[in-house]
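One letter stands for each residue in the lines below.
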Amino acid sequence: MWLKESLNEVLSEIVRLILRLLHKLVPKIIKFFNYRGIKLYIPEGIFNPTFTLSASLIMDNIKPRGVVVDLGCGSGILSIYSALNPEVTTVLAYDINIKALATTKVNSRINGVANKVRVLHNTNDLMNIKADYVLINPPYLPISPRDALDINWCCGKSLECIKELLNISLSIIHEHGKILLTFSSLTNTKVMAEIISKLNIKFNVIAFKRAVIDTIYLALIEPVRSA
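Residues numbered from 1 in each chain as written. Predicted model: local features only at pLDDT ≥ 70, side-chain atom pairs only at ≥ 80, totals over all residues. Heavy atoms only, no water.

*Asks:* For this particular structure, what's the right way to read a positive patch on the surface?
*Replies:* Taken together, the side chains of Lys24, Lys28, Lys31 and Lys99 define a basic patch exposed on the protein surface. With respect to the helices and strands, the residue Lys28 is situated in helix α1 (residues 2-29). The class for Lys28 is exposed, based on a relative accessible area of 60%. (Patch = residues over 30% accessible without salt bridge, like charges linked within 9 Å, V, L, I, M, F, W, Y side chains within 5 Å. Areas by Shrake-Rupley, 256 points an atom, 1.4 Å probe, with all protein chains shown as cover. Salt bridge = Lys/Arg side-chain N within 4 Å of Asp/Glu carboxyl O. Lys, Arg positive; Asp, Glu negative; His and termini not counted. Charge placed at Lys NZ, Arg CZ, Asp CG, Glu CD. Helix = DSSP H or I, 4+ residues; strand = E, 2+ residues; numbered from the N terminus. Buried < 20%, exposed > 50% of the residue type's maximum accessible area, 1.4 Å probe, protein only.)

*Asks:* So what exactly am I meant to see when it comes to the layout of surface pockets here?
*Replies:* To find the voids left in a structure, one rolls a probe of water-molecule size over its atoms. Taken as a whole, the largest pocket holds about 940 Å³ of empty space. Along the wall of the largest pocket there are 43 residues; nearest its centre are Phe47, Pro138, Pro139, Asn152 and Trp153. The residue makeup of the lining of the largest pocket, split by class, is 30 nonpolar, eight polar and five charged. (1 Å grid on protein atoms, 1.4 Å probe; cavity = no way out; pocket = protein on both sides within 12 Å on 5 of 7 lines; lining within 4 Å. Points joined across faces, edges and corners; volume = space filled by probe spheres on them. Nonpolar A, V, L, I, M, F, W, Y, C, P; charged D, E, K, R; others polar.)

*Asks:* Could you clarify how one ought to interpret the pairing of strand β3 (residues 66-71) in this entry?
*Replies:* For β3, the tally of buried residues reaches five of six residues, placing the bulk of the element in the interior. Note that β3 and strand β4 (residues 88-94) share six bridges and pair parallel. Paired with Gly66 across the bridge in β4 is Val88. This β-α-β element, β3 to helix α3 (residues 77-83) to β4, shows right-handed connectivity. With four bridges connecting them, β3 and strand β6 (residues 131-136) associate as parallel partners. Its bridge partner being in β6, Val69 is matched across the sheet by Val134. (Pairing = 2+ DSSP bridges. Right-handed = clockwise from strand over helix to strand, strands pointing away.)

Written out as C-alpha cells, the structure reads:
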C-alpha cells in the first residue's frame, strides 16, 4: 500500500507538471475551443476540459433533468451541457474562483443558455436549493496545491476539496436526487474510502476511461433514503 501511494504521488507530480505547462502555454496561443459542439472561451488560469477525460465521462453517462448544480464549474462546460438539455429547468454554477464564474457567464451567453445558468460564489446561496442532480468534476490529484493555478487539479493530500464538495452536495440534494463525482486512479483510495464511510451514501462506480497515466472513474452517489 505504501509503495502504491508513493508511486501515485510521483505520477501526480508528473500530471501536475504537464497540466501546468499546458495551461500556461496554450492560452498564449489560443483561447477559443469547440468541445463536442460547445463553444468555449478559456482564459489563462481557467481549467481547460479538453486536456482531460473527466468532463466527457460525465457527458457520456448522464442525462440530467430538473435543477442541476455544477460544483466547481470552471469553464462552465458541464453547466452548459446541462442547460442544453430541454429537461433541465435551472443550472446553478458554483466556484470559489471569481474568474471561473465570469468565464462560465461568458460561455453560457456564447452557447445561448444564459437564461438557464446562474453563477454563485457563496455556498450560503445554495442552502435553500433542492437539486435533482449535483455534478462534481473536482481537482483530484492527491497533492497539495502550490498556487492558484494548482487549485484547478490538486485536491490536497487528505482530499480536502473532494470532502468539502461532497458535504455541500449532500446538504442540497433532493431526497431522490443523484450526485455524480469523477475521480482518478491516482486519488488516494484509502482516504476516499474513509470519507465515504463517514457519509450516509450509496457509492457506485458506473463508468471509467483510461488515460495515458491514470484511469478516470465516474461514481454515482445517492443519499440513503429513509424507509
